[in-house]
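Observations on chain architecture
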Amino acid sequence: LIYFQSDSSNTGNGFSLNYQCTPPPAHFDGYCASGIEVTESGTLSHGPYGDNEALCWFVSCDSPSDIQLGFTSFDTEVCCDTVQVIAFDGSTHSIAVSYSGTSLPPSSSMTMANSESGYLIYFQSDSSNTGNGFSLNYQCTPPPAHFDGYCASGIEVTESGTLSHGPYGDNEALCWFVSCDSPSDIQL
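Anyway, here's the lowdown on the structure attached to this text. (Residues numbered from 1 in each chain as written. Predicted model: local features only at pLDDT ≥ 70, side-chain atom pairs only at ≥ 80, totals over all residues. Heavy atoms only, no water.)

Examining the overall build of the protein chain
Scanning the protein chain from N- to C-terminus turns up 0 helices and 15 strands. Burial statistics for the protein chain: of 188 residues in total, 39% are counted as buried. Counted over contacts in the protein chain with a minimum sequence separation of 6, partners at least 24 positions apart contribute 76%. (Helix = DSSP H or I, 4+ residues; strand = E, 2+ residues; numbered from the N terminus. Buried < 20%, exposed > 50% of the residue type's maximum accessible area, 1.4 Å probe, protein only. Contact = heavy atoms within 4.5 Å.)

Here you go:
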C-alpha cells in the first residue's frame, strides 16, 4: 500500500516511483545452508545452547498476513551470542534487529506481502560462554483490507509500471495498492 497525505499548507512537486514484480529467491541464502520453516502460529525455543552454533528458522504464513513475534525469554552471552531478527520480503534481507544479553527484546510485527515473506531468525554463538537461549511466540493474523484505516478508496495496480503524483495540493489523502498477479516480490 502506498499512502500519500498532504497537510493544509505548502505543496510540492510530488513523487514518481517505478515498481516491478520479480520471483522470490530461497529464504536462507547468505545466512544458513538450511533451516527450519515454521508457519501460522506457535512457539520457537532454543536452549540451553552450545558453543559455535549457527541456526536458522524461517517464520512465515501460508497466505498474506500480519505476522507478530514476541520473545518470552532471552538469555545469551551479552557480547557475542546473538539472535538476529531479519525481515525477509522475498527478494531482500534486512536485519531488523540484533539482540544479545538477558533483557527481553520488544515485540515486533510486519505485514507480509506474500507467502515468501516472513522473518528469518538467525542464532549464532561464539566459542565460549553460553546461556539458556531464547523462546518466542509467533502468530499469523489476516491483514486488514487494502485501504482500511488509510483511505476510503484507492487505485489498484499490478505487475509493473510507474506511479506518479504531483504537483499535489493541500489536504490530499491518496492510496495506491501495488500487487502481483502471481506470488512474486514487489520492488519499488
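Additional details are given in the paragraphs that follow.
Some thoughts on the environment of threonine 43
Tracing the chain through its elements places threonine 43 in strand S4 (residues 41–46). For the pair threonine 43 and phenylalanine 71, spaced 28 residues apart in sequence, the C-alpha separation works out to 9.4 Å. If near-sequence neighbours (up to four positions away) are discounted, threonine 43 is found in contact with Ser135, Leu136, Asn137 and Tyr138. A polar contact is formed between the side chain of threonine 43 and the side chain of asparagine 137, at a distance of 2.7 Å. (Polar contact = N/O pair within 3.5 Å; in protein donor to acceptor, adjacent residues only side chain to side chain.)

Examining the nonpolar core
The tendency in soluble globular proteins is for nonpolar side chains to be buried side by side. If you look at the biggest cluster of nonpolar residues, it comprises 20 residues, and the most contacted ones within it are Leu44, Val59, Leu69, Phe71, Ile121, Phe134 and Leu136. Core analysis: the next-biggest nonpolar cluster, separate from the first, contains 6 residues, Cys56, Phe58, Ile86 and Tyr122 among them. (Core = buried A, V, L, I, M, F, W, Y, C linked by side-chain atoms within 4.5 Å.)

So, unusual backbone geometry
Of note, the bond from glycine 47 into proline 48 is cis; its omega dihedral lies within 30 degrees of zero at -10°. Unlike most non-glycine residues, asparagine 10 shows phi in positive territory, near 60°. The residue asparagine 10 is located in the loop between strand S1 (2–5) and strand S2 (15–22) in this model. Classification of asparagine 10 as exposed rests on a relative accessible area of 65%. One non-glycine residue, asparagine 52, lies in positive phi territory at about 60°. Relative to the helices and strands, asparagine 52 is located in the loop between S4 and strand S5 (54–60).

Some details on the packing of aromatic side chains
For any two aromatic rings, the description comes down to two numbers: the centre-to-centre distance and the angle of the planes. In this structure the tally under the stated criterion is 7 aromatic pairs. Ring centres of phenylalanine 123 and phenylalanine 134 lie 6.0 Å apart, and the angle between their planes is 45°; on these two criteria the pair is classed as tilted. Placement of the pair is phenylalanine 123 in strand S10 (residues 118–124) and phenylalanine 134 in strand S11 (residues 133–141), with a sequence separation of 11 residues. Here phenylalanine 123 matches phenylalanine 134 in class, with each residue buried. Through a chain of ring-to-ring contacts, the aromatic side chains of Tyr49, Trp57, Phe71, Phe74, Tyr99, Phe123 and Phe134 assemble into a single cluster. (Phe/Tyr/Trp six-rings, centres within 6.5 Å; stacked < 30°, edge-to-face > 60°.)

Focus: the pairing of strand S7 (residues 82–88)
Most of S7 sits inside the fold, with 7 of its 7 residues counted as buried. Of the two faces of S7, the one holding Thr82, Gln84, Ile86 and Phe88 and the one holding Val83, Val85 and Ala87 are both buried throughout.

Side note on the side chain of serine 125
Residue position: serine 125 is located in the loop between S10 and S11. Reaching out from serine 125, the side chain makes a polar contact with the backbone nitrogen of asparagine 52 at a distance of 3.2 Å. Within polar-contact distance, the side chain of serine 125 engages the backbone nitrogen of glutamate 53 at 2.8 Å. In contact with serine 125, not counting residues within four places along its chain, are Tyr49, Gly50, Asp51, Asn52, Glu53, Cys80 and Asp81.

Concerning the pairing of S5
S5 sits mainly inside the fold: 5 of its 7 residues count as buried. Pairing of S5 with S10, which is carried by 6 bridges, proceeds in the antiparallel orientation. Each bridged residue has a counterpart across the sheet, and for cysteine 56 the counterpart in S10 is tyrosine 122. (Pairing = 2+ DSSP bridges.)

Thoughts on the environment of histidine 46
By the element assignment, histidine 46 lies in strand S4. Residues histidine 46 and asparagine 132, spaced 86 residues apart in sequence, show a C-alpha to C-alpha distance of 8.1 Å. A distance of 2.5 Å separates a polar atom in the side chain of histidine 46 from a polar atom in the side chain of glutamate 53.

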